[in-house]
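The primary structure of each chain is shown beneath.
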Amino acid sequence: MRTPIVAANWKMHKTVREAVDYFRRLLELVPARPPVELVIVPPATLLWVAQKHLGGSVVGWGAQNAYPEPQGAFTGEVSVVQVADLGARYLICGHSERRHIFREDDELVGRKLRAALEGGLIPILCVGETLEERQAGRAWGVVEGQLAAALADLSPEDASRLVIAYEPVWAIGTGVPAQPQDAQEMAAHIRDWLKERFGRTGGRIRIQYGGSVKPENARDFLTLPDIDGALVGGASLDPDKFWAIAQAAAG
Ligand code: 13P
């Protein structure tokens, strides 16, 4: 049994006041024992607000990015150790915006993922192809390469804590999600790969879909056999919409 996991990637949005209002509203909506794992991933400036308002609640929270070195002369960076110290439980690794806008390569993504595991965090590893790569018939090859690079040398025990987010780059922030059958096909490929690589543990790793998930289409993805949740950007900025999506994951 894989517990569905629905995560809100706020990206570079919200002030302290807006975050406080959001958390208050979300905690009004979410029951004492939610049927899915709920995660909020705010920008680094709001991690302390999450700690203050979500700490001790059923809603988990994590960081969008962190540097793998524990400390040192890395101006502008925040370390995995520092976000874990604040109480974060999750770390997004390898989001396409970090790969494409900030030129993060597979090697750095892998180091972040390992640092997250060492720091006791749950890594949410994002993988996904661009439109050009899909049109050239290379979607699976690209995703497989991202998995192989980030998860090289990982033990099945470490892998059991992973979450994978399949986010086709062309579906992110465009309002046009993947076709559900294409998302399922990719998730099934990922699942087979994980099983081959990690044995039975591979069958227990959760796979999210991300890319223009909204309350209106959430059910199309969250009822697919190999998709165990969603990583939501734009629609997650509204607590009512985010909770509506989470309810779709609960079936
Ligand atoms: P959108 O839901 O805005 O398409 O963003 C998806 C995403 O990148 C989540 O990490």
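First, a word on what this report is: a plain description of the structure on this page. Being a predicted model, the structure only gives us computed values, none of them experimental.

### Some words on the overall build of the chain
A tally of regular secondary structure across the chain gives 11 helices and eight strands. The C-alpha radius of gyration computed for the chain amounts to 17 Å, which stays within 12% of the reference 18 Å derived for 251 residues, consistent with globular compactness. In terms of its C-alpha atoms, the chain occupies a principal-axis envelope of roughly 45 × 45 × 35 Å. By the burial criterion, 51% of the 251 residues in the chain qualify as buried. Long-range pairs, those at least 24 residues apart, make up 72% of the contacts in the chain with a sequence separation of at least 6. Carbon and sulfur atoms make up 50% of the accessible area of the chain, which amounts to about 11,400 Å² in all. Of the side-chain charges in the chain, 27 are positive and 31 negative, and the distance between the mean point of each set is 5 Å.

### Regarding the state of the cysteines
Tallied over the full model, the rule gives zero disulfides. Residue Cys-93 stays outside any disulfide, its sulfur separated by 8.1 Å from that of Cys-126, the closest cysteine. The exposure class assigned to Cys-93 is buried, which follows from its relative accessible area of 0%. The exposure class of Cys-126 is buried, given its relative accessible area of 1%.

### Considerations on the sheet that holds strand E6 (residues 163-166)
Around the barrel, eight strands lie side by side as E1-E2-E3-E4-E5-E6-E7-E8; this closed barrel has parallel pairing. On average, each strand axis in the sheet is inclined to that of its neighbour by 25°, with strand direction left out of account. With two bridges joining them, strand E7 (residues 206-210) and strand E8 (residues 229-232) adopt parallel strand pairing. The residue of E8 that forms the bridge with Tyr-209 is Ala-230. Contacting strand E5 (122-127) and E6, helix H7 (residues 139-150) runs over the sheet at an angle of about 150° to E5.

### With respect to the nonpolar core
In this structure, Ile-40, Leu-125, Leu-151, Ile-164 and Ile-190 are the most contacted members of the largest nonpolar core, which totals 72 residues. No other element matches helix H9 (residues 180-198), which puts seven residues into this core.

### Describing the site of the ligand
The full set close to the ligand counts 13 residues, and Lys-11, His-95, Gly-173, Ser-212 and Gly-234 are the nearest of them. Within the side chain of Asn-9, a nitrogen or oxygen atom sits 3.0 Å from an oxygen atom of the ligand. The backbone of Gly-233 places a nitrogen or oxygen atom 2.9 Å from an oxygen atom of the ligand. Notes on the ligand: free accessible area 310 Å², of which the protein chains cover 95%.

### Regarding the packing of helix H1 (residues 16-29) against helix H11 (residues 239-249)
Direction vectors running N to C along H1 and H11 enclose 35°, while the axes themselves pass 9 Å from each other. You can see that H1 and H11 cross each other, and the crossing is right-handed. Counted together, Tyr-22, Arg-25, Leu-26 and Leu-29 of H1 and Pro-239, Asp-240, Phe-242 and Trp-243 of H11 form the full contact between these two elements. Among the residues making up the contact of H1 with H11, the classes are represented as six nonpolar, no polar and two charged.

### Looking at the pairing of E7
Buried residues dominate E7, accounting for five of its five residues. Side chains Arg-206, Gln-208 and Gly-210 of E7 all project onto a buried face; the interleaved residues Ile-207 and Tyr-209 project onto the opposite face, where all are buried too. In this sheet, E7 lies alongside E6 in parallel orientation, the contact comprising four bridges. For Tyr-166, the partnering residue across the bridge sits in E7 and is Tyr-209. The β-α-β motif built from E6, the intervening H9 and the parallel element E7 has right-handed crossover chirality.

About the criteria used
- Counting starts from 1 at the beginning of each chain's written sequence and moves along it residue by residue.
- Local features in this predicted model are restricted to residues of pLDDT 70 or higher, and side-chain atom pairs are both shown and tallied only at a pLDDT of 80 or more, whereas totals for entire chains, interfaces and linings draw on every residue.
- Think of the side-chain values as coming from all heavy atoms in the structure, minus any hydrogens and water.
- The helix and strand labels rest on DSSP assignments: H or I over at least four residues marks a helix, E over at least two residues marks a strand, and numbering proceeds from the N terminus.
- The globule rule used here is 2.2 Å times the number of residues to the 0.38 power, and the radius of gyration it is set against is calculated over C-alpha atoms.
- A 1.4 Å probe rolled over the protein chains alone gives each residue an accessible area, and that area as a share of the maximum for its type sets the label: buried under 20%, exposed over 50%, partly exposed in between.
- Throughout, a contact is declared for two residues whenever any of their heavy atoms are within 4.5 Å.
- With residues, only the protein chains shown are counted as cover, and all accessible areas are computed by Shrake-Rupley using a 1.4 Å probe.
- In this charge count, Lys and Arg are treated as positive and Asp and Glu as negative; neither His nor the chain ends contribute.
- Where a charge lies is defined by one atom per residue type: Lys uses NZ, Arg uses CZ, Asp uses CG and Glu uses CD.
- Cysteine sulfur atoms that pair up within 2.5 Å are treated as a disulfide.
- We call two strands paired when DSSP finds no fewer than two bridges between them.
- Between N-to-C directions, angles cover 0 to 180 degrees, with each direction set by a line fitted to C-alpha atoms, over the stretch in contact for helices.
- Nonpolar core, defined: a set of buried Ala, Val, Leu, Ile, Met, Phe, Trp, Tyr and Cys residues in which side-chain atoms within 4.5 Å join the residues together.
- By convention in this text, a residue qualifies as near a molecule or strand provided that one of its non-hydrogen atoms is within 4 Å of it.
- Pairing of N or O atoms within 3.5 Å defines a polar contact, subject to two protein rules: one partner must be a possible hydrogen donor and the other a possible acceptor, and residues neighboring in sequence count only if both atoms are side-chain atoms.
- Left-handed describes a crossing in which the near helix is turned anticlockwise from the far one by less than a right angle; the clockwise case is right-handed.
- By the convention adopted, Pro, Cys, Tyr, Trp, Phe, Met, Ile, Leu, Val and Ala count as nonpolar, Lys, Arg, Asp and Glu as charged, and the other residues, Gly among them, as polar.
- Note on handedness: a crossover is taken as right-handed if, strands pointing away from the viewer, the path from the first strand over the helix to the second is clockwise.

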